[in-house]
Structures are given as C-alpha cells and as structure tokens.
Amino acid sequence: MSPPVAPPGWSRWLVPPAALSVHLSIGQAYAWSVFKPPLESALDLSGTQSALPFQLGIVMLGLSAAFGGTLVERNGPRWAMTVALICFSSGFLLSALGAATEQYWLIVLGYGFVGGIGLGIGYISPVSTLIKWFPDRPGMATGIAIMGFGGGALIASPWSAQMLESFGADSSGIALAFLVHGLTYAVFMLLGVLLVRVPRSEKPVDSGPSVRTGPQVSANQAIRTPQFWCLWIVLCMNVTAGIGILEKAAPMITDFFADTSTPVSVTAAAGFVALLSAANMAGRIAWSSTSDLIGRKNIYRVYLGVGALMYALIALFGDSSKPLFVLCALVILSFYGGGFATVPAYLKDLFGTYQVGAIHGRLLTAWSTAGVLGPLIVNWIADRQEEAGRHGASLYGMSFVIMIGLLVVGFVANELVRPVHPRHHVPAPREAAHVQRQQPESA
C-alpha cells in the first residue's frame, strides 16, 4: 500500500484527528482492569492470571513496534493503521469466542497476542508522519495523538462497565461485551485509515524549519549508542511505575479503603479508572507541550523525581485520605502519559527525524518489559500478602517501595543522557538514501 500523499493545500491539522481515531481505540487497553473482577469470578482466576492478557498485549505492543518499525516507515501510516485495525478488532472477536466457550487461553491469544500486535503497529503508525508535519512543535504534535491512547480508557472504562451491567458479568455477558468492542472499534479506526496523509515534501507548508536539521542517525546506529539505552531505562522505569497502578486500578482503590467507613463501590472504582485515564490523557498533551519550552531532559526529571515523591505519599498516608490517594495517583498517571508523549520528541532531538519511527519502535521494547514488570510486581506481591492473611492497603506497601526505587534508577539514567557522538550520524543528506539501502529490510 503506497503512502497517501497530501494534495496541495491540505491542512496539517487534519492529521492529528486521524491519529486520534486509532489511538483512542487501542487505548482501550488501559481499561482492562474493569474486566479483571468479572473474569476472575466467571473463570475462577487469580489476580495474576487475570492480568495475563493485558501483560501479553503490552509485550506484543513493544515487540511488534520494534520489528514492524521499518515496515511502518517504508509503507506509510495508512498501511500501518489498516494492519492495526485488523489485528486489534480480530483480537476482541477471538476473546469473545474464548469468553463464550470459557476457554481462557483464547482470551489470552486474542486480546494479548493478536490484539497486542494491533496495539504496537497502531501506536507507532502516526508518530513519524506527525513529526514530519510538525517539525516546529514535535512535542505538541505527538502529544495530541498519543494523548488518545491515554484517553481511550476514559471512554472504554464506563462504557465497558455499563455493558457488563447490562449484559451480565458472567462468561456470556463478557463475550458479548468483547464482541461489541471489536466491531465498534473497527468502524472508528477506519476513519483514521481514510483520513491520514503524508506531506508532499520534507518541509510542510507553514511548518517552520526544515525537518532534516541537526544530527541524523539511522535506526541500526541508534541502538549502538548509550543514549538509546539510557532512554530505554528511563522509559521502562517510568512505565513500570505507572502501569503498576493502572492495570490494577479498580481493585486497588477498593482494597485500599475496604476497611474504612467509606468503602469504594464497583461503580466508583470504574469512575476512578476513568479519572486515571483523563490524567493519563491530559498529561500527554500538557507535559509534552511543556517539554517544547523547558526541554526533554528537564521534563523527565519532573516525571521521575516528583513521581517517586507521589508514590511515597501514597505508601505513607494514602489509606488515611481518599483525596490524597486519588490526587497522587492522578499525578503519577499524568507523568506516565507525559513520558510516552515526550519520548518521540526526545528521540528526535537526539537522533533526528531520519528513521525516527523505527527508532521509536525499538525503544518501545522497554514498554514490553514494563508491561510484564509493573503488573507482576503489584499482583504477585498482593497475592502473596493476601495468602499471608493481610488485607487492605497492606497488600501494596512493598510494591510501592519497589516503584520508588525504580523511579530513582530512571532518574539517574536520564541524567546520563548526552548528545550523540558524530560518528553515529548519517554522513550527509544526499547519502541518506544509500545508507538506508544498506539497512536490513526487517526491523
């Protein structure tokens, strides 16, 4: 499929809505915690087991983004969005079959493996195109699109909760909810497929400086630099800390205040998930736009340093104050979302726009790792603490201490980021095509 080229006079402001239609759909992944309690009850699963489709989905997101990054760069955003639509929707349909037949492995295969491929390809599908359309404001541009991924659960969480209430929380009700999700998201993602365009030239109209300014580094050279691996650690630590709360958000807030005079209802817990999604979404545009003003390194100092402080406040005082717990969680999730939206611009600053989409795809393997680490730390420790007879907020204390340590590690890695040595740069713009032909065809 040839990348669709924008006709003369095409407005670059039509590209972010195309990206949003895909990202708002695949952002449903952040509402997975709404399905955890019904699945655990209907299929007799533990908290660790019910997290498996989400964990595998995030693993496949990173792997498909890494291995498909070069294909996305070569075939363009329309091809990538089409692949994402097919995989993401098919994943829900397989999951519906698994829930209807009470075969949990089909849910893991559908939502986690097949749907996870759709997550990865869909996630990176607009990034390189947006940076080319908005070279003057890369943080804002990628933030607008990627905020859709964070905001997907703002729609999906109450929508899913309402469907489970209407259809029933047994296996047949879950199956019907999965089916409706798959069909609806297919239609919505199709809007992005039809609308997306690439610029006619390297320099879009009214876009400011040329795209190809500063250092230009190929994807294969980027992974040989210490800067790439420092950013890998930064992203992994920030994501692990945020996803640990997000994946278990609904049962976590219920547990935290179960022994108080004001326990949290199922409906309120779903509302908390929606609030976290709003913070995740707002952080992606607000913090990434702020990074255009204060710099990428400084904004990551905020994400990691203040994030550790928020976790400490929850660990020490969260169970005594519901507003404090909610506020700290919202701040952590805004940093989590901001980290995702800022990292493409950080990569652009360090490695240039040449193959930035492929570099971004490789970096998202950090998300795969974090997608396993975050839920595993929180769920495994909570399960062990419950077996030991503990309950309430004590289920999560050790997890939060670990998250603080991980954020400190990320903070140190961010401090070690320096400009890329010239030996890694593409020799000259006119030689870029030759260098690209020397790259392996697969990413």
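As the structure is a prediction and not an experimental result, all values here were calculated from the model. (Residues numbered from 1 in each chain as written. Predicted model: local features only at pLDDT ≥ 70, side-chain atom pairs only at ≥ 80, totals over all residues. Heavy atoms only, no water.)

A. Local environment of a nonpolar patch on the surface. Taken together, the side chains of Leu 93, Phe 167, Leu 176, Leu 179 and Leu 183 define a hydrophobic patch exposed on the protein surface, amounting to about 390 Å² of accessible area. Ranked by the residues each element gives to the nonpolar patch, the list is headed by helix 9 (residues 171-195), at 3 residues. Tracing the sequence through the fold places Leu 176 in helix 9. (Patch = residues over 30% accessible without salt bridge, like charges linked within 9 Å, V, L, I, M, F, W, Y side chains within 5 Å. Areas by Shrake-Rupley, 256 points an atom, 1.4 Å probe, with all protein chains shown as cover. Salt bridge = Lys/Arg side-chain N within 4 Å of Asp/Glu carboxyl O. Helix = DSSP H or I, 4+ residues; strand = E, 2+ residues; numbered from the N terminus.)

B. Expanded view of the environment of Leu 85. By the element assignment, Leu 85 lies in helix 5 (residues 77-101). Put simply, Leu 85 and Phe 188 are 103 residues apart on the chain and 9.1 Å apart in space, counted from C-alpha to C-alpha. Once you skip the residues sitting within four places of it in the chain, Leu 85 turns out to touch Ala 186, Met 189, Leu 190 and Val 193. (Contact = heavy atoms within 4.5 Å.)

C. Broad picture of the packing of aromatic side chains. Following the criterion strictly, the structure yields 30 aromatic pairs and no others. Between Tyr 396 and Phe 400 the ring centres are 6.4 Å apart and the planes differ by 20°, which places this aromatic pair in the stacked class. In this structure Tyr 396 comes out as buried when scored by relative accessible area, which is 0%. The side chain of Arg 197 reaches across the aromatic face of Trp 10, ending 4.7 Å from its centre. Its guanidinium or amino end placed over the ring of Phe 257, Lys 322 lies 5.4 Å from that ring's centre, counting from NZ or CZ. (Phe/Tyr/Trp six-rings, centres within 6.5 Å; stacked < 30°, edge-to-face > 60°. Buried < 20%, exposed > 50% of the residue type's maximum accessible area, 1.4 Å probe, protein only. Lys NZ or Arg CZ within 6 Å of the ring centre and 35° of its normal.)

D. Quick look at empty space enclosed by the protein. Per the counting criterion, the structure on display carries 1 cavity of 30 Å³ or more. For the lining of the largest cavity, the class distribution of residues is 6 nonpolar, 3 polar and no charged. (1 Å grid on protein atoms, 1.4 Å probe; cavity = no way out; pocket = protein on both sides within 12 Å on 5 of 7 lines; lining within 4 Å. Points joined across faces, edges and corners; volume = space filled by probe spheres on them. Nonpolar A, V, L, I, M, F, W, Y, C, P; charged D, E, K, R; others polar.)

E. Layout of the packing of helix 5 against helix 9. Across the interface, helix 5 lies against helix 9 with an axial gap of 7 Å and an inter-helix angle of 170°. Taken together, helix 5 and helix 9 sit at an angle that is classed as roughly antiparallel. (Axes fitted to C-alpha atoms, helices over the stretch in contact; angles between N-to-C directions. Parallel < 35°, antiparallel > 145°, perpendicular 65-115°, else oblique.)

F. Highlighting the layout of surface pockets. Put simply, the largest pocket is a space of about 650 Å³. The wall of the largest pocket is formed by 31 residues, among which Val 34, Pro 37, Pro 38, Ala 250 and Val 266 lie closest to the centre. Elements represented by at least two residues in the lining of the largest pocket include exactly helix 2 (36-43), helix 8 (138-167), helix 12 (249-256), helix 13 (266-294) and helix 17 (365-387). The greatest single-element share of the lining of the largest pocket, amounting to 5 residues, is contributed by helix 8. Counted by class, the lining of the largest pocket contains 16 nonpolar, 7 polar and 8 charged residues.

G. How the structure looks around the pattern of salt bridges. The full count for this structure, using the stated rule, is 5 salt bridges. Measuring nitrogen to oxygen at the nearest pair gives 3.8 Å for the salt bridge that ties Glu 40 to Lys 36. Taken together, the residues Glu 40 and Lys 36, both in helix 2 and 4 residues apart, mark about one turn of the helix. Assessed through its relative accessible area of 0%, Lys 36 is described here as buried. Taking the shortest distance from any N to any O, the salt bridge between Asp 292 and Arg 296 comes out at 2.8 Å. With a relative accessible area of 9%, Arg 296 lands in the buried category. A single network of salt bridges, built from pairs that share partners, joins Asp 292, Arg 296 and Asp 349.

H. Representation of the side chain of Gln 385 in the model. As for its position among the elements, Gln 385 is in helix 17. Under the relative-accessibility criterion, Gln 385 is labelled buried at 11%. When neighbours within four sequence positions are excluded, Gln 385 is seen to be in contact with Arg 390, Ser 394, Leu 395 and Met 398.

I. Structural view of helix 17. Between its first and last C-alpha atoms helix 17 spans 33 Å; for 23 residues at 1.5 Å apiece the expected length is 33 Å, and the two agree. When the local axis directions of helix 17 are compared, the greatest deviation, roughly 25°, occurs at Leu 376. Following helix 17 by one or two positions, Gly 389 has its phi on the positive side, about 95°. (Expected span 1.5 Å × (residues − 1). Bend = angle between axes of the 7 residues up to and from the residue.)

J. Structural detail: the environment of Ser 128. Assignment of secondary structure puts Ser 128 in helix 7 (residues 127-133). Separated by 225 residues in the primary sequence, Ser 128 and Thr 353 have C-alpha atoms spaced 7.6 Å apart. Dropping the residues within four chain positions of it, Ser 128 is found in contact with Glu 73, Val 356 and Gly 357.

K. Region of interest: unusual backbone geometry. Despite not being glycine, Asp 44 shows a phi value in the positive range, around 55°. Among the secondary structure elements, Asp 44 is positioned in the loop between helix 2 and helix 3 (47-50). On the accessibility criterion, Asp 44 (68% relative accessible area) is exposed. Of note in this structure, Glu 102 is not a glycine but carries a positive phi near 60°. In this fold, Glu 102 is placed in the loop between helix 5 and helix 6 (104-124).

L. Looking closely at the packing of helix 15 (residues 322-351) against helix 16 (residues 356-363). Direction vectors running N to C along helix 15 and helix 16 enclose 125°, while the axes themselves pass 10 Å from each other. On the basis of the axis angle, helix 15 is oblique to helix 16. Crossing geometry of helix 15 relative to helix 16 is assigned as right-handed. Side by side, helix 15 and helix 16 meet where Val 343, Pro 344, Leu 347, Lys 348 and Phe 351 of the first sit next to Val 356, Ile 359, His 360 and Leu 363 of the second. Looking at the contact of helix 15 with helix 16 residue by residue, the class counts come to 7 nonpolar, 1 polar and 1 charged. (Left-handed = near helix turned anticlockwise from the far one by under 90°.)

Nothing here speaks to function; it is all geometry.
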